[in-house]
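One-letter residues, chain by chain:
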Amino acid sequence: MTETDPQADQVAELSAQVCAADRRGLARAITMVESTRDDHRATARLLLDKVITSTGQAQRIGITGTPGVGKSTFIEALGLHLIEQGHRPAVLAVDPSSGRTGGSILGDKTRMTDLGRRSEAFIRPSPASGHLGGVARRTREAMLLCEAAGFDVIIVETVGVGQSETAVADMVDVFTLLVSPGGGDDLQGIKRGIMELADLVVVNKADGDLAPAAGRTAADYRHALHLQRPRSPAWTPEVLTASALHQVAIDEVWSRAAAAHEALAASGDLATHRAAQAVSWMHAEIRDAMLAELSQRPDVAAAIAELETEVGQGHRSPTGAAGKVLRLLQAP
Ligand SMILES: Nc1nc2c(ncn2[C@@H]2O[C@H](COP(=O)(O)OP(=O)(O)O)[C@@H](O)[C@H]2O)c(=O)[nH]1
Ligand SMILES: [Mg+2]
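All values derive from a computational prediction rather than experimental measurement.

A. Local environment of the overall build of the chain. Within the chain one finds 15 helices and 7 strands. Its C-alpha radius of gyration of 22 Å places the chain within 12% of the 20 Å reference for a compact globule of 332 residues. Overall size of the chain, expressed as C-alpha extent along the three principal axes, is 70 × 60 × 40 Å. When burial is assessed residue by residue, the chain has 37% of its 332 residues classed as buried. A separation of at least 24 residues holds for 73% of the contacts in the chain among residues at least 6 apart in sequence.

The following block contains the structure:
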């Protein structure tokens, strides 16, 4: 009767360690969800199912901005401020470039040395793997594990490459755009779609010679935001100025982020939003699992290879080819 199931044992051990806020256990659990090995994925699924009821208590904050705008400096200052306030921040990242180039755009986590040294904080760089969907999924799963471990503010950082801002906006509650002081040209450099996702815009580097320009940039952004419809009737996006380097107005940024969170929660939009996010993650998981399943059926994989040629040469329609693959899948 006491037959052991190594996978169940491992899940029980990891989930106990995570829920006991054991940092090494948490790091191991995240490594498990980041792995693409089939057995690791299976363990990760069981683990996530086990901890899911211990998640959802954190404030999930996204931060984006172009390289050099001061994200790392800002997150370190914010993280230290949060610790002072009695919070336990976890910092995660979505950086789809890190796998491909071997060097990350974001990844200078060494810059966050003071925060990294604090036992109240947890910093995890972006999973180093190819496509955005996979990287985003693993960050989402790491976020859940961090929440189960009792981290109560999750900061997810990304840089404005490809669709990574959208992916991060889709996993957080409050999305923050960090910008530099600069003229109107700068404002136009920010993709329109990104502005529409922002709950807060922070003009960083509002210090020294850059202070007057920061004020003008803030006014430009206020004007631009004024022209667009807020994402939620409960919260109108705000523009703030701050200096991450000199730790000026970090407290104010946090208090406005917390206010946004509170307003969204009070209106019920936060719950609606999270439910929609979770359901859309599920659909993404189903799609990925289906595709993985497809590639594991040799007959189907061979048919797809043939169909690719036919479709490429224009002998068969893409729709017809997809239908043929589906019929093959349904065959026993
Ligand atoms: N003057 C000033 N410089 C800053 C500020 N925040 C960051 N920097 C500098 O900007 C550069 C890029 O910062 P970093 O945090 O690495 O930017 P990231 O690429 O967005 O992560 C570094 O040299 C920082 O010291 C700030 O508030 N004021
Ligand atoms: Mg950085």
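Having seen the model, we can carry on.
B. Broad picture of helix H1 (residues 6-19). In a regular helix each residue adds 1.5 Å, so 14 residues correspond to 20 Å; H1 covers 20 Å between its end C-alpha atoms and thus fits that length. For H1, the elements touching its buried residues are helix H2 (23-34), helix H3 (38-51) and helix H7 (132-148). Ala21 occupies a position one or two residues after H1 and carries a positive phi of about 60°.

C. The pairing of strand E4 (residues 153-159), seen in detail. Within E4, 7 of the 7 residues are buried, which leaves the element mostly enclosed by the surrounding structure. Alternating positions in E4 separate into two faces, Val153, Ile155, Glu157 and Val159 on one and Ile154, Val156 and Thr158 on the other, with burial throughout. Where strand E1 (residues 59-65) and E4 come together, 7 bridges link them in parallel fashion. By the bridge assignment, Ile63 is partnered in E4 with Glu157. Note: strand E2 (residues 89-94) against E4, 6 bridges, orientation parallel. Note that in E4 the partner of Val94 across the bridge is Thr158.

D. Just the domain arrangement of the chain, in detail. Parsing the chain into structural domains produces domain 1 (1-54), domain 2 (56-266) and domain 3 (281-330). Counting residues at the interface gives 14 residues for domain 1, matched by 12 residues for domain 2. Elements represented by at least two residues in the side of domain 1 that touches domain 2 include exactly H1, H2 and H3. Across the side of domain 1 that touches domain 2, the residue classes tally to 11 nonpolar, 1 polar and 2 charged.

E. Up close: helix H4 (residues 71-84). Look at H4: 20 Å from first C-alpha to last across 14 residues, which is about the 20 Å you get at 1.5 Å a residue. Regarding H4, the residues found buried are Lys71, Ser72, Phe74, Ile75, Glu76, Ala77, Leu78, Gly79 and Leu82. Where the residues of H4 are buried, they touch E1, E2, helix H6 (113-116), E4, strand E5 (174-179) and helix H12 (250-267).

F. How the structure looks around the site of ligand 1. In the vicinity of ligand 1, 15 residues are found, and the nearest of them are Gly70, Lys71, Ser72, Thr73 and Leu245. Among the elements that make up the shell around ligand 1, the one with the highest residue count is H4 (3 residues). For the shell around ligand 1, the residue count by class is 4 nonpolar, 7 polar and 4 charged.

G. Up close: the environment of Leu80. Structurally, the position occupied by Leu80 is in helix H4. Accessibility expressed as a C-beta count within 10 Å gives 19 for Leu80, which makes it partly exposed. When the C-alpha positions of Leu80 and Arg41 are compared, they lie 34 Å apart, and in sequence the two are 39 residues distant. If sequence neighbours within four positions are ignored, Leu80 has contacts with Asp114 and Leu115.

H. How the structure looks around the packing of helix H14 (residues 298-312) against helix H15 (residues 318-330). It is at 10 Å that the axes of H14 and H15 come closest, and there the two elements cross at 170°. Looking at the two axes, H14 sits roughly antiparallel to H15. Listed contacts from H15 to Asp299, Val300, Ala303, Ile304, Leu307, Glu310 and Val311 of H14 are Pro318, Ala321, Lys324, Val325, Leu328 and Leu329. Here the contact of H14 with H15 is composed, by residue class, of 10 nonpolar, no polar and 3 charged.

I. The arrangement of the sheet that holds strand E7 (residues 238-241) in detail. Pairing in this open sheet of 7 strands is parallel, and the strands run E3-E2-E4-E1-E5-E6-E7 from one edge to the other. Both outer strands of the open sheet, strand E3 (122-123) and E7, are each paired with one neighbouring strand and no more. Helix-sheet contacts for H4 involve E1, E2, E4 and E5, and the interaxial angle to E2 is about 160°. Along the sheet face, H7 touches E1, E2, E3 and E4 and points at about 170° away from the line of E2.

J. Main features of the packing of H2 against H3. At their nearest, the axes of H2 and H3 sit 8 Å apart, and the two run at 125° to each other. Here H2 lies oblique to H3, going by the angle between them. The two elements H2 and H3 meet at a crossing, and its hand is left-handed. Listed contacts from H3 to Ala29, Met32 and Val33 of H2 are His40, Thr43, Ala44 and Leu47.

Cut-offs applied
- Residues numbered from 1 in each chain as written.
- Chains lettered and ligands numbered in written order.
- Predicted model: local features only at pLDDT ≥ 70, side-chain atom pairs only at ≥ 80, totals over all residues.
- Helix = DSSP H or I, 4+ residues; strand = E, 2+ residues; numbered from the N terminus.
- Rg over C-alpha atoms; globule rule 2.2 N^0.38 Å.
- Buried ≥ 20, exposed ≤ 12 C-beta atoms within 10 Å, placed from the backbone.
- Contact = placed C-beta atoms within 7 Å.
- Expected span 1.5 Å × (residues − 1).
- Pairing = 2+ DSSP bridges.
- Domains from an automatic or database assignment.
- Nonpolar A, V, L, I, M, F, W, Y, C, P; charged D, E, K, R; others polar.
- Near = placed C-beta within 6 Å.
- Axes fitted to C-alpha atoms, helices over the stretch in contact; angles between N-to-C directions.
- Parallel < 35°, antiparallel > 145°, perpendicular 65-115°, else oblique.
- Left-handed = near helix turned anticlockwise from the far one by under 90°.

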